[in-house]
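A look at the structure
As a plain string of letters, each chain reads:
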Amino acid sequence: MKLCYCALVSFLLVLTGTALGADTLFNAQVAYSVGTFPTDVTTGDFNGNGDSTDIAVCNMWDNNVTVLMAQGDSSYASGVNYNTTSVPWGVVAVDIDTSGYFDIVTANKGSDNISLLLNEGDGTFANAVYFNAGTEPYSICAGDFDGDTLVDVAVANHGSDNLSVFLNNGDSTFAAAVNYACGDGPYYIIAADLKGRDTLDLVVVNELDDNITIWFGDGDGTFSGDTTYAVGDRPLCVHAGDLNGDGHLDLVTANNNDDSIKVLFNDSVAIFDSTLAYAVGDGPFAVYIADYDKSDTADIAVANYSDNNITILQSFGGLFDSTSTYSTSTKPYALEGSDLDADADIDLLVVNYGSKSVGWLKNTTTLAVSADDDAGEVLPDSYSLEQNYPNPFNPSTTIEYSLPEQADVEISIYNLIGQRVSTIVDEEKPSGSYSVTWDGSDENGKPVATGIYFYRLKAGSIQETRKMMLLK
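Residues numbered from 1 in each chain as written. Predicted model: local features only at pLDDT ≥ 70, side-chain atom pairs only at ≥ 80, totals over all residues. Heavy atoms only, no water.

Things to note about the overall build of the protein
Selection criterion: Secondary structure is summarised from DSSP: a helix means a run of H or I of at least four residues, a strand means a run of E of at least two, and numbering begins at the N terminus for each. A radius of gyration in this sense is built from C-alpha atoms; the matching globule rule multiplies 2.2 Å by the number of residues raised to 0.38. Each residue's exposure class comes from its accessible area (1.4 Å probe, protein chains only) as a fraction of the maximum for that residue type: buried when under 20%, exposed when over 50%, partly exposed otherwise. Computed by Shrake-Rupley with a 1.4 Å probe, the accessible areas treat only the displayed protein chains as cover when residues are assessed.
On a plain count of helices and strands, the protein comes out with 0 helices and 37 strands. A globule of 472 residues ought to have a C-alpha radius of gyration of about 23 Å, and the protein, at 21 Å, matches this closely. With respect to the principal axes defined by its C-alpha atoms, the protein has extents near 65 × 45 × 45 Å. Burial analysis of the protein (472 residues in total) assigns 60% to the buried set. Summed over its atoms, the accessible surface of the protein is roughly 16600 Å², and 45% of this surface lies on carbon and sulfur atoms.

Here it is in structure tokens:
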């Protein structure tokens, strides 16, 4: 596991502070060729080497996925294609068979099913196995829906106005799909713990009803209490993140026909009556929440399909008044935030539907301590464990903590059933403020499954625990 420790001292660059050059968060896009009409992207460490993030893109016209393997020098090898079935529209990378390696699952619009491509353990994939879904599944998400530590999946079925839940049988197969009604034309789906109950809920944007449907997880793989909220004209994407720092996941939708995004704030029990709308570019197709400027607050990225660019809205206390744009290739369609070069910041991947490519926008944010620290080292006066960022995260996240005195420090990661997944700090450290990056892998360097995790700080006589969510 790669660790990143940074003590807070004067005149040194650290991972907390004020972003410099906020209008230049990203380098110019570097594009890699994929297939024809790509529609979605996902990331994971496919070959299990523990120090790189690989990419998979689904190409709806070619009926396949393109896998691009990281080469260890901030570049990617030429893509290798794997057949799915007809018109793959959504893709997710998760460990379905508990082998410790990321598998690939696609939602196939043209054949009304999902494809499972199991990882062979070396970054190559077996032939696809199929499971029936509803009509025209457009989008796919994953998570442990029934609390058995296995990764399940769900798809939004655009043609049958419902979603399908596939529970993992534990033998590299899924149980028959169970369907839940949505609005007209469900286009995109995510899984998120909206009520803070350590249970995943499902959120779907309904393209033709101009709203979202939320189904709340019961913790046993079933869902109930569906609720709808109006958003904007022709919503095509939704993402979740804590946008106002209150510890609860809020929602953002990309509204294609009115060139806007809609922010829906969570009141802590998953009621979303407080909203804000922001104008973006022409024809937004995708939205992705992450802390792009390292300000410890969540920002919003939007892919503007008709403008061939991305809008970044930077957060200031839950408001998003600072915007910047970055060029893409033709018709940016989907987004993924991920630390592709292991430098503890969130880069952006953009799927360019019109140019047969996936683009990498490398995050170049530089952080510095404030001028008030010039007099010398800044020492904390109490123990503290901060909320990780980004949260939810994929594939890595940063945890900050402070020590008022020298202490033996242990930070460990636990899953929902209390099993220790990994220990990422275990040493004596002097007084100071520190950060450590967890890359989403276990003690053996294998990627863990999507879901809820806890991280616990033990230092001196104190013990503190916080919760985080890994989303794929």
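So, the side chain of Ser 396
Here is the rule: Any pair of residues with heavy atoms lying within 4.5 Å of one another is described as a contacting pair.
As for its position among the elements, Ser 396 is in the loop between strand S31 (384-385) and strand S32 (397-403). Residue class for Ser 396 comes out buried when judged on its relative accessible area of 11%. Beyond its immediate sequence surroundings of up to four residues, Ser 396 is in contact with Asp 339, Pro 390, Thr 437, Trp 438 and Asp 439.

With respect to the pairing of strand S4 (residues 54-59)
Our working definition: Note on pairing: two strands pair once DSSP finds at least 2 bridges between them.
Of all 6 residues making up S4, 6 are buried, and the element is well covered by its neighbours. The side-chain alternation of S4 yields two buried faces, one formed by Asp 54, Ala 56 and Cys 58 and the other by Ile 55, Val 57 and Asn 59. Here strand S3 (residues 38-44) pairs with S4 via 6 bridges, running antiparallel. Looking across to S4, one finds that Val 41 is bridged to Val 57. Connecting S4 to the next strand, strand S5 (residues 64-68), in antiparallel fashion are 4 residues, including Asn 63 with a positive phi near 55°.

As for the sheet that holds strand S29 (residues 357-361)
In plain terms, the rule: The angle between two axes is taken between their N-to-C directions and runs from 0 to 180 degrees, where each axis is a line fitted to C-alpha atoms and a helix contributes only its stretch in contact.
The 4 strands lie next to each other as S2-S29-S28-S27, forming an open sheet whose pairing is antiparallel. Lying at the two open borders of the sheet, with one neighbouring strand each, are strand S2 (30-33) and strand S27 (332-338). Between one strand axis and the next, the sheet turns by 25° as a mean value, whatever way the strands run. Bridge count between S27 and strand S28 (residues 347-352): 6 bridges; the pairing is antiparallel. Opposite Glu 336, over in S28, you have Leu 349 as the bridge partner.

Some remarks on the environment of Asn 211
Counting through the fold element by element, Asn 211 comes out in strand S17 (residues 211-217). In this structure, Asn 211 is in contact with Val 204, Val 205, Asn 206, Thr 228, Tyr 229, Ala 230, Val 231 and Pro 235, ignoring residues within four places of it in sequence.

Here's the deal with the packing of aromatic side chains
Note the following rule: Pairing of aromatic rings covers Phe, Tyr and the six-membered ring of Trp, with a centre-to-centre limit of 6.5 Å; geometry is then stacked below 30 degrees between planes, edge-to-face above 60, and tilted otherwise. We count a charge as sitting over a ring when the NZ of a lysine or the CZ of an arginine lies within 6 Å of the ring centre and within 35 degrees of the ring normal.
Counted according to the given criterion, the structure contains 26 aromatic pairs. For the pair Phe 26 and Tyr 292, a centre-to-centre distance of 5.8 Å together with 65° between the ring planes defines the contact as edge-to-face. In this pair, Phe 26 is assigned in the loop between strand S1 (18-20) and S2 and Tyr 292 in the loop between strand S23 (284-290) and strand S24 (299-304), connecting sequence segments 266 residues apart. Of the two residues, Phe 26 and Tyr 292, neither departs from the other in class, the shared state being buried. Taken together, the ring pairs in this structure connect Phe 37, Trp 61, Trp 89, Tyr 138, Tyr 187, Phe 285, Tyr 305, Tyr 333 and Tyr 353 into an aromatic cluster. The ring of Tyr 414 has Arg 456 sitting right over it, with the charged end atom 4.7 Å from the ring centre.

Observations concerning the pattern of salt bridges
Here is the rule we go by: Salt bridges are defined by distance alone: a side-chain nitrogen of Lys or Arg within 4 Å of a carboxyl oxygen of Asp or Glu.
Applying the stated criterion to the full structure yields 8 salt bridges. Across the pair Arg 197 and Asp 201 runs a salt bridge whose closest N-O atoms are separated by 2.6 Å. Taking relative accessible area as the criterion, Asp 201 reaches 0% and is therefore assigned buried. Put simply, Arg 420 and Glu 410 hold a salt bridge, and the shortest N to O gap is 3.8 Å. Residue Arg 420 is located in strand S34 (residues 420-429), and its partner Glu 410 is located in strand S33 (residues 407-414); the two are separated by 10 residues in the primary sequence.

Focus on the sheet that holds strand S13 (residues 162-166)
Taking strand neighbours across the sheet as the criterion, the 4 strands line up as S11-S12-S13-S14 in an open arrangement whose pairing is antiparallel. Edge strands, defined here as strands with exactly one partner in the open sheet, are strand S11 (137-143) and strand S14 (178-181). When the angles between neighbouring strand axes are averaged without regard to direction, this sheet yields 25°. Here S13 runs beside S14; their pairing, made up of 4 bridges, is antiparallel. Of the residues in S14, the one forming a bridge with Val 165 is Val 178.

Here we look at the confidence of the model for the protein
To keep it simple, the criterion reads: Scored between 0 and 100, pLDDT is the confidence that the predictor attaches to each residue.
Looking at the protein, the pLDDT average stands at 88 and 91% of residues meet or exceed 70. Taken together, the stretch residues 1-22 has pLDDT below 50 and engages in 77 contacts with residues farther than four places along the chain or on a different chain. This stretch, residues 368-376, has a pLDDT under 50; its non-local contacts, to residues over four places away or in other chains, come to 15 contacts.

Focus: the nonpolar core
The condition is simple: Nine residue types can take part in a nonpolar core, namely buried Ala, Val, Leu, Ile, Met, Phe, Trp, Tyr and Cys, and a core is a set of them joined through side-chain atoms within 4.5 Å.
Counting residues in each nonpolar core, the largest one holds 41 residues, and the members touching the most others are Leu 194, Ile 212, Ile 214 and Leu 251. Apart from residues lying up to four places away in sequence, Ile 212 is in contact with Val 203, Val 204, Val 205, Asn 206, Thr 227, Thr 228, Tyr 229, Val 231, Leu 251, Thr 253 and Leu 264. Counting residues in each nonpolar core, the second largest holds 40 residues, with Ile 114, Phe 131, Ile 411 and Tyr 455 among its members.

Side note on the pairing of strand S36 (residues 451-459)
Both faces of the sheet carry side chains from a regular strand, because those side chains alternate between them. Counting buried residues along S36, 7 of its 9 residues qualify, which places the element largely inside the surrounding structure. Pairing of S36 with strand S37 (residues 462-470) involves 9 bridges; the strand directions are antiparallel. The partner of Tyr 455 across the bridge, within S37, is Arg 466. Hairpin connection between S36 and S37: a loop of 2 residues separates the two successive antiparallel strands, and Gly 460 in this loop has a positive phi of roughly 60°.

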